[in-house]
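# Summary of structural features
Read off the chains here:
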Amino acid sequence: MQWVEDMDPHAPGVRRVNFACVGELPSDMVKHIARLEVRRVTDLRRMSRRTTVSPFRKRPTNLQPILQVEDPIFFPMHLSSEVRFELANIRIYENGISFDIRARDNATTGLPLSQRVYVGPGMQSKTRHGAYLGLVLPDGKVVTNKTCRPQDAPEDSDTSSPWLHGSTGFSFDSGVGATYFLSPRPEPNGTITISLSYPEVGVDTALSISVESNSFTHSSI
């Protein structure tokens, strides 16, 4: 039997075949498994040292978007929270979709919103909470803002696996926000469900909106 080690198991046309062996494993199979384990550990170490991602996974800075959506799309209000979340500044490019997640509130006393709410990728620090953002794509795949680090990104050669790139948060006059970039562009004529939860500010049940994958405008579904 020939053991193939350079084949991408996720490549088109590749099919996994279960294999069983009774008794002691053949020596060539033992060596094959050992080589695969060495490769796995090496890849994990390499990925853990990544500090950036390929340009394909970032919002283009020198290209005009194909489509811009100026009007924000508001998440439903949560009865237990005074914070209002919205999807804004949507820009559709050849390689993906850029958008902001923003938070606002009407509080006139207490700490500024920038010190109470964080909607950026991951956690701002180990001691500070943040919003959870998840997107269910038309093909059923899910991306979240908890796997936005370069170490979490697909290999540079992989331009088909969905991934969400996130920037650090920002503040504006009436709230806070963060910019995300979803790549590649989702398949057309589908629906994307965007969900957000933030128990620390009262949003303990996810708020969801649905948008058309073609235009990132409100879905009629």
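Check the entry above for the structure.
It should be emphasised that the depicted structure is a prediction, and the values quoted were computed from it without experimental measurement. (Residues numbered from 1 in each chain as written. Predicted model: local features only at pLDDT ≥ 70, side-chain atom pairs only at ≥ 80, totals over all residues. Heavy atoms only, no water.)

## A few points about the environment of Tyr198
Residue position: Tyr198 is located in strand E10 (residues 191-198). Placed 69 residues apart in sequence, Tyr198 and His129 show a C-alpha to C-alpha distance of 8.5 Å. Contact partners of Tyr198, with chain neighbours within four places excluded, come to Phe85, Arg116, Val117, Tyr118, His129, Gly130, Ala131 and Val203. (Helix = DSSP H or I, 4+ residues; strand = E, 2+ residues; numbered from the N terminus. Contact = heavy atoms within 4.5 Å.)

## Topic: the side chain of Arg57
Within the secondary structure, Arg57 is located in the loop between helix H1 (27-48) and strand E1 (67-69). Of note is the side chain of Arg57, whose polar atom sits 2.7 Å from the backbone oxygen of Asp158. Setting aside residues up to four positions removed in sequence, Arg57 forms contacts with Pro154, Asp158, Thr159, Ser160, Ser161, Pro162, Trp163, His165, Phe181, Ser183 and Pro184. (Polar contact = N/O pair within 3.5 Å; in protein donor to acceptor, adjacent residues only side chain to side chain.)

## Topic: the nonpolar core
Phe85, Leu87, Phe99, Leu135, Ile194 and Phe216 are the most contacted members of the largest nonpolar core, which has 37 residues in total. Those elements that place two or more of their residues in this core are strand E3 (84-93), strand E4 (96-104), strand E5 (132-136), strand E9 (175-183), E10 and strand E11 (203-212). Excluding its chain neighbours within four sequence positions, the residues that come into contact with Phe216 are Val69, Ile73, Leu87, Ile90, Ile92, Ile97, Phe99, Ile192, Ile194 and Val211. (Core = buried A, V, L, I, M, F, W, Y, C linked by side-chain atoms within 4.5 Å. Buried < 20%, exposed > 50% of the residue type's maximum accessible area, 1.4 Å probe, protein only.)

## Considerations on the pairing of E3
By the criterion of burial, E3 is predominantly enclosed, with eight of the ten residues buried. Judged from the three bridges that link them, E1 and E3 form a sheet pairing that is antiparallel. Along E3, the bridge assignment pairs Leu67 with Ile92. Bridge count for strand E2 (residues 73-74) against E3 is two bridges, and the pairing is antiparallel. Residue pairing for E3: Phe74 is matched across the bridge by Glu86. Summarising the sheet, E3 and E4 pair through eight bridges and their orientation is antiparallel. Pairing of Tyr93 across the sheet is with Gly96, part of E4. In this antiparallel pair of consecutive strands, E3 and E4, the connection spans two residues. (Pairing = 2+ DSSP bridges.)

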